[in-house]
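# Summary of structural features
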Amino acid sequence: MEKSAKLAVYADHTRNTISKNIFGHFMEHSVDVIYGSVFDPESPLADEDGFRRDVLEALRDAKVPMLRYPGGNFVSNYHWEDGIGPREKRPKCFDYAWLAEDDNRMGTVEFIKLCRKTGAEPYLCVNMGSGTAEEAMHWVEFCNGTGNTRYAALRKSLGYEEPFHVKYWGLGNELYGDWQFGAMNASDYAKKALDFAKAMKWMDPEIELVACGYDLGSDWNYEVARVLKPLIGHLAIHHYSIGYGIFTDEDYRQCMYIPDYITKLTNAARASVVAGTNDALSEIKIAWDEWNTHAWDLEKKDDDRNYTLRNAVLTAGILHSFIRSSDIVEIAGYSPFVNVCGAISVKKDRVLKRPQYYVFELLSKVFGECTEYVETRLECDTCSMPEVIDYSNRPAEAKFALNAKTTVRYVETGYLDCAASMNQERSRLALSLINKSEDRDYTVDVSVFGSSAVWKDAVGYELYHPDFDAANTVQDPEQVVIREAHPVSEEGKIYLKRHSLTVVVMNLLQGEESWTEKKQD
């Protein structure tokens with residue numbers, strides 16, 4: 001059954017520039033996220049530095065803009081000096097987070113090489129569990145120091161005369177959680193982070209600091225923003241919707257709400273920042289530097305059939321949420337990108353790209369070229385459901401009558417979703433459209449205000465398979481891939497297949513070079 005919808009695109013109303021770093025990724029010293037996958041010196045597919053060439057190629061093809069390292073839970077007992085110098089002399093250490101041994105073959109220098117090989121911005125997270133502010137300051141010095149001080153000289157002695165210019169630094173990881181080495185309350189974290197921030201900024205005033213935030217903790221975020229407001233540029237939020245969170249795979253109707261739920265958490269975190277700084281114009285942004293639709297399920301991680309088109313559609317929805325909130329969200333890190341529940345599954349002899357990989361490959365390319373956020377209004381069918389709320393960090397609600405009950409709120413989410421942008425010259429428009437419906441195709445009547453779209457020039461791309469639970473496997477690695485499509489009529493109607501992601505790029509009237517010509521070049 002086909003349905004209809006209307007989309008208004010306000011090409012004369014751009015709001016902000018979309019940061020490419022919202023398409024970033026996360027990697028941690030855990031399981032096979034790094035060792036035996038992206039970094040595997042023993043593999044015949046490894047390059048001279050020990051990195052798998054096929055994994056590097058997949059990262060480059062996805063235009064990975066930023067990589068966060070080395071954790072994650074791992075970082076709360078990680079000492080960076082264990083990971084420098086000759087590999088054969090590095091100590092083997094016990095990893096408290098994953099109850100494993102780590103021989104530190106992958107360290108700071110290797111990570112910087114990985115970033116340079118893939119074109120990614122490096123983002124390092126410091127140890128605020130068992131570590132000290134002095135240790136963090138020395139790490140900044142090792143990476144960015146230009147003088148003849150001890151740690152800058154140490155880097156130079158290893159053959160790296162020029163600094164690494166690491167701009168982004170995280171102040172610890174999830175220290176609100178009792179699963180974390182060195183967990184603490186908000187007040188203690190803010191006090192400790194203040195010492196770390198001062199020491200690191202004194203070493204290099206140009207770095208940008210990302211403080212540890214809490215997706216369910218407005219009081220935590222308020223205190224962190226209140227204390228650290230002069231020194232931090234971002235507040236980090238982590239969230240895994242299915243598995244650790246409140247959504248379940250079995251209820252897809254509920255899962256359709258996940259992108260809206262992410263937006264709600266973004267707005268709540270931003271409100272805490274505004275309240276904590278007492279500044280509605282605060283420049284502290286939100287960094288979703290660990291997120292995934294699914295938790296790290298280590299029992300299911302090697303079965304590629306678990307990662308389906310359904311997963312990819314939800315992944316695209318969350319990226320749409322970040323794009324729509326791109327005035328306050330500048331960093332995000334898909335967790336992890338390689339192995340476990342990631343977008344790439346690394347085998348001994350090949351790389352398998354799961355369906356969500358193609359979401360990143362397509363959206364990072366399109367929104368990397370069309371960077372100016374454009375306002376839209378979408379009218380489509382909606383689905384109503386009881387609001388999904390995580391009560392794990394909420395105090396009991398006051399009852400003012402003997403028969404008082406918590407009011408159940410209902411929310412609505414659209415079956416369709418849209419994110420739009422233009423290039424800086426305002427000559428090209430990109431529309432990313434998601435049809436979340438399991439069984440309904442849609443025709444969307446598009447009106448562009450403030451300019452004229454050249455519909456006959458439009459180029460379309462589509463992520464679709466008739467089976468919503470289709471997955472890419474070694475036996476059939478291209479069941480769910482991006483394919484060129486022609487979903488646009490000359491009247492400006494876009495046809496969306498059920499459970500699909502469709503991206504359309506078109507020239508605006510003043511454009512001199514068509515997208516088709518650019519693509520052929």
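Report follows, based on the coordinates. Only a predicted model underlies this, so the values are computations on that prediction, with no experimental measurement involved.

In this section: the sheet that holds strand β1 (residues 2–17). The strand order across the open sheet built from nine strands is β21-β20-β23-β18-β17-β14-β1-β19-β22, with neighbouring strands paired in mixed fashion. Of all the strands in the sheet, just β21 (482–485) and β22 (493–496) have a single pairing partner and so form its edges. Neighbour to neighbour, the strand axes of the sheet diverge by 25° on average, direction disregarded. Inspection of the sheet shows β1 paired to strand β14 (residues 372–379) by seven bridges, in the antiparallel sense.

A separate point is unusual backbone geometry. Negative phi values dominate among residues other than glycine, just as trans dominates among peptide bonds. With omega at 10°, the peptide bond leading from Gly71 into Gly72 counts as cis. Along the chain, Gly72 falls in the loop between β3 (66–69) and β4 (93–95). Here the amide bond leading from Ser335 into Pro336 is cis, since omega sits at -20°, within 30 degrees of zero. Relative to the helices and strands, Pro336 resides in the loop between β11 (329–334) and β12 (344–346). Even without being a glycine, Leu99 presents a positive backbone phi close to 50°. Overall, Leu99 belongs to the exposed group, its relative accessible area being 65%.

Here we come to the nonpolar core. In terms of nonpolar packing, the biggest core is built from 161 residues, with Trp169, Leu171, Tyr189, Met200, Trp288, Phe322 and Phe337 touching the most fellow members. In terms of residue count, helix α9 (residues 309–324) provides more of this core than any other element does, nine residues in total. Formed by seven residues, the second largest nonpolar core is a distinct cluster that contains Met66, Val210, Ala236 and Ala287.

With that settled, consider a nonpolar patch on the surface. On the surface, Phe94, Tyr96, Leu99 and Phe181 cluster together into a nonpolar patch covering about 440 Å² of accessible area. Mapped onto the elements of the fold, Tyr96 is located in the loop between β4 and β5 (100–102).

Let's shift gears to the side chain of His234. Tracing the sequence through the fold places His234 in strand β9 (residues 234–242). At 3.3 Å, the side chain of His234 forms a polar contact with the side chain of Glu330. Discounting residues that sit within four places of it in the chain, His234 has contacts with Tyr168, Glu208, Leu209, Val210, Ala211, Ile284, Lys285, Ala287, Glu330 and Ile331.

This brings us to the pairing of strand β15 (residues 382–386). Burial along β15 is one-sided: Cys383 and Met385 are buried, and none of Thr382, Ser384 and Pro386, which face the opposite way, are. Both β15 and strand β16 (residues 410–414) contribute to a ladder of five bridges, which runs antiparallel. Looking across to β16, one finds that Ser384 is bridged to Glu412.

This next bit is on the packing of aromatic side chains. Two measures describe an aromatic ring pair: the distance that separates the ring centres and the angle between the ring planes. Under the criterion given, the structure shown has 32 aromatic pairs. For the ring pair Tyr176 and Trp179, a centre distance of 6.0 Å and an interplane angle of 85° mean the geometry is edge-to-face. In this structure, Arg68 is placed above the aromatic ring of Tyr123, and the distance from its NZ or CZ to the ring centre is 5.9 Å. Over the ring of Tyr252 we find Arg310; its NZ or CZ atom is 5.1 Å from the centre of that ring.

Taking strand neighbours around the barrel as the criterion, the eight strands line up as β2-β3-β6-β7-β8-β9-β10-β11 in a closed arrangement whose pairing is parallel. On average, each strand axis in the sheet is inclined to that of its neighbour by 30°, with strand direction left out of account. Pairing analysis gives four bridges linking strand β7 (residues 168–171) to strand β8 (residues 208–212), with the strands arranged parallel. Looking at the pairing, Gly170 lines up with Val210 of β8. Relative to the sheet, helix α2 (residues 108–118) contacts β3 and β6 (121–126), its axis offset from that of β6 by approximately 155°. In this fold α9 packs onto β9, β10 (285–294) and β11, with an angle of close to 170° to the strand it touches most, β10.

Turning to the side chain of Glu372, a few remarks are in order. When you line up the elements, Glu372 lands in strand β14. Buried charge Glu372 goes without a salt bridge, the closest partner of opposite sign being Arg426 at 6.2 Å. At a separation of 3.1 Å, a polar atom in the side chain of Glu372 contacts the side chain of Thr17. Leave out the neighbours within four places in its chain, and Glu372 touches Thr14, Asn16, Thr17, Ala420, Ser421, Met422, Asn423 and Gln424.

With that out of the way, let us pick up the pattern of salt bridges. A complete count under the given rule lists 36 salt bridges for this structure. Glu208 is paired through a salt bridge with Lys167; the nearest N and O atoms lie 3.5 Å apart. Of this pair, Glu208 sits in strand β8 while Lys167 is found in the loop between α4 (150–157) and β7, placing the two residues 41 residues apart along the sequence. Among the residues examined, Glu208 registers a relative accessible area of 24% and is labelled partly exposed. Overlapping salt bridges, with partners in common, bring together Asp47, Glu48, Asp49, Lys113 and Lys117 in one network.

Inspection of the secondary structure assignment puts Ala120 in the loop between α2 and β6. Take Ala120: its relative accessible area is 9%, and that puts it in the buried class. With 99 residues separating them along the chain, Ala120 and Asn21 place their C-alpha atoms 9.2 Å apart. Ignoring any residue separated from it by four or fewer positions in sequence, one finds Ala120 in contact with Val64, Pro65, Met66, Leu67 and Cys115.

Moving on: the packing of helix α3 (residues 133–144) against helix α5 (residues 186–203). Closest axis-to-axis distance for the α3/α5 pair is 8 Å, and the angle between their directions is 25°. With respect to their mutual orientation, α3 and α5 come out roughly parallel. Where α3 crosses over α5, the two elements pack in a sense that is right-handed. Of α5, the residues touching α3 (which contributes Ala133, Ala136, Met137, Val140 and Glu141) are Asp195, Phe196, Ala199, Met200 and Met203.

Definitions and limits used
- Residues numbered from 1 in each chain as written.
- Predicted model: local features only at pLDDT ≥ 70, side-chain atom pairs only at ≥ 80, totals over all residues.
- Heavy atoms only, no water.
- Pairing = 2+ DSSP bridges.
- Helix = DSSP H or I, 4+ residues; strand = E, 2+ residues; numbered from the N terminus.
- Axes fitted to C-alpha atoms, helices over the stretch in contact; angles between N-to-C directions.
- Buried < 20%, exposed > 50% of the residue type's maximum accessible area, 1.4 Å probe, protein only.
- Core = buried A, V, L, I, M, F, W, Y, C linked by side-chain atoms within 4.5 Å.
- Patch = residues over 30% accessible without salt bridge, like charges linked within 9 Å, V, L, I, M, F, W, Y side chains within 5 Å.
- Areas by Shrake-Rupley, 256 points an atom, 1.4 Å probe, with all protein chains shown as cover.
- Salt bridge = Lys/Arg side-chain N within 4 Å of Asp/Glu carboxyl O.
- Polar contact = N/O pair within 3.5 Å; in protein donor to acceptor, adjacent residues only side chain to side chain.
- Contact = heavy atoms within 4.5 Å.
- Phe/Tyr/Trp six-rings, centres within 6.5 Å; stacked < 30°, edge-to-face > 60°.
- Lys NZ or Arg CZ within 6 Å of the ring centre and 35° of its normal.
- Lys, Arg positive; Asp, Glu negative; His and termini not counted.
- Parallel < 35°, antiparallel > 145°, perpendicular 65-115°, else oblique.
- Left-handed = near helix turned anticlockwise from the far one by under 90°.

Nothing here speaks to function; it is all geometry.
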